[in-house]
Amino acid sequence: MKIHSDVLIIGGGAIGLATALELALRGVSVTVLSRNFPEAALHAAAGMLAPQAEGLLPGPMLALCLRSRSLYPEWVSKLESLTGIDPEYWPCGIIAPLYGEAKRFRSAEDEYWCDRPSLTALQPDLGREITGGWWFPEDGQINNQSMAKALRVAVEQLGVTIHDDVTVNHIAHQGDQITEVQTADETYQADCYLLATGAWTGELLTVPVVPRKGQMLSLQAKTGEQQLRHVLFGNGTYLVPRRNGRVVIGATSEDVGFTPHNTSAGIQQLLTESHRLYPPLQDWIFERSWWGFRPATPDELPILGTSPYKNLVLATGHYRNGILLTPITAVLLAELICNQVTDPLLKAFRYDRF
Ligand code: GLY
């Protein structure tokens, strides 16, 4: 028997679930196929909401990221009121420190520049080599693990069907129409299909999305220890403090395919740079380490919207900004799927730009 829904979403990570939520709120029947929920980049992330700290150049990507950041307060309230789960959204601000006499590479952001005394007033005990930095008060974070729980509960409450541990073997098409999606046990059909499979997208469709591995770790402050008040965004390493005294530290960026595991070099890089940023971490308790795979495209921009098939929509390649871009991706794609409205911003993220 073929299973039918209005929309079939392939991919049960942040983007798939958040789009399922927006669609369900618009009265659409949605099925989500999730191959391996714990493996989604949603779990590996630190949850930074950092359009400014990431140093994105002015253009459509920065515009998309800023729009998504502005949606966060309302989107999180919606999630919380639907589920009773607090996703721990915290607009705590992000400090991007500068070491020594290094060049001021963010010249477009001079209004955010702080000298060392101003920076240490914001965050005491910064590394000695830090001479100043940028303070982005509107950037922040969300606890991506709590967000994952809230998203799952929200969509299930709204009647979305989630099939876990289901691998799509084949997306069948006739001409420019997808006709069905096959797994080992079932065949699924829908009026519209959404592909949101992150780093694994290239296994199902010819699009230039490849994995970029990130290793991460977390530390726990000892009782009574001075806590970090803001995210610190250093050279290839960032510290994301949670309110419970934990700090999530990320992330390497490695072009090693889907090679699993943490490596000693990866962990050493993260620890060395994090001690340089914030020396008190040397006494914190090592908690755990993990890794994940960012979906990277050649220009490091996501692929959003239409595809070579009239009834297939794409939402992949979010690279370093998947958590940040979750609300805007979900809203724009729900509008595209339900009302055939193409937001002008989507033009920059078409699949056929490569
Ligand atoms: N968003 C930061 C990272 O991907 O490491």
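Keep in mind that this is a model prediction, so the values were computed, not measured.

Let us now look at the pairing of strand 18 (residues 312-316). Burial analysis of strand 18 places five of its five residues in the buried class, which makes it a mostly covered element. With burial as the criterion, each face of strand 18 is covered, one bearing Leu 312, Leu 314 and Thr 316 and the other bearing Val 313 and Ala 315. Sheet topology note: the strand 11 (residues 187-195)/strand 18 ladder contains three bridges and is parallel. Paired with Leu 195 across the two strands is Leu 314, which belongs to strand 18. Pairing geometry for strand 17 (residues 303-305) and strand 18, over three bridges, is antiparallel. From the neighbouring strand, Ile 303 faces strand 18, where its bridge partner is Thr 316. Joining the antiparallel neighbours strand 17 and strand 18 is a turn of six residues.

To continue, consider the nonpolar core. Most often, soluble globular proteins keep nonpolar side chains buried together rather than apart. Of all hydrophobic cores here, the largest spans 54 residues; its most connected members are Trp 75 and Met 147. Where this core is concerned, the elements lending two or more residues are strand 1 (2-10), helix 1 (14-25), strand 2 (30-34), helix 3 (60-83), helix 5 (144-157), strand 11, strand 18 and helix 7 (322-339). Sort the elements by how many residues they give to this core and helix 7 lands first, with 10 residues. Leave out the neighbours within four places in its chain, and Met 147 touches Ala 14, Leu 42, Tyr 72, Trp 75, Pro 87, Ile 142, Ile 323 and Thr 326. Judged by nonpolar contacts, the second largest core, of 22 residues, contains Cys 114, Ile 130, Leu 217 and Ala 221.

What follows deals with unusual backbone geometry. The step from Gly 250 to Ala 251 runs through a cis peptide bond, and the omega angle for that step is -25°. Even without glycine at this site, Glu 88 takes up a positive phi of about 55°. By secondary structure assignment, the location of Glu 88 is in the loop between helix 3 and strand 4 (94-99). Here Glu 300, not a glycine, exhibits a phi torsion of approximately 65°, which is positive. Its place among the elements puts Glu 300 in the loop between strand 16 (285-296) and strand 17. When its relative accessible area of 39% is taken as the criterion, Glu 300 is described as partly exposed.

The subject of this paragraph is the packing of aromatic side chains. One pass over the structure, following the stated rule, counts eight aromatic pairs. Residues Trp 200 and Phe 258 carry aromatic rings whose centres are separated by 5.1 Å and whose planes lie at 15° to one another, so their mutual orientation is stacked. One end of the pair, Trp 200, is in the loop between strand 11 and strand 12 (210-220); the other, Phe 258, is in the loop between strand 15 (246-250) and helix 6 (264-277), and 58 residues separate them in sequence. Accessibility expressed as a relative area gives 13% for Trp 200, which makes it buried. Here the aromatic rings of Phe 258 and Phe 293 are separated by 5.1 Å at their centres, their planes lie at 75°, and the arrangement is edge-to-face. Of the two residues, Phe 258 is situated in the loop between strand 15 and helix 6 and Phe 293 in strand 16; the sequence distance between them amounts to 35 residues. Taking the relative accessible area as the measure of exposure, Phe 258 reaches 33% and is therefore partly exposed. Put simply, the rings of Tyr 72, Trp 75 and Tyr 89 pair up and form one aromatic cluster. Over the ring of Trp 200 we find Arg 35; its NZ or CZ atom is 5.0 Å from the centre of that ring. A cation sits over an aromatic face here: Arg 152 above Phe 37, 4.7 Å from the ring centre.

How each quantity is defined
- Residues numbered from 1 in each chain as written.
- Predicted model: local features only at pLDDT ≥ 70, side-chain atom pairs only at ≥ 80, totals over all residues.
- Heavy atoms only, no water.
- Buried < 20%, exposed > 50% of the residue type's maximum accessible area, 1.4 Å probe, protein only.
- Helix = DSSP H or I, 4+ residues; strand = E, 2+ residues; numbered from the N terminus.
- Pairing = 2+ DSSP bridges.
- Core = buried A, V, L, I, M, F, W, Y, C linked by side-chain atoms within 4.5 Å.
- Contact = heavy atoms within 4.5 Å.
- Phe/Tyr/Trp six-rings, centres within 6.5 Å; stacked < 30°, edge-to-face > 60°.
- Lys NZ or Arg CZ within 6 Å of the ring centre and 35° of its normal.

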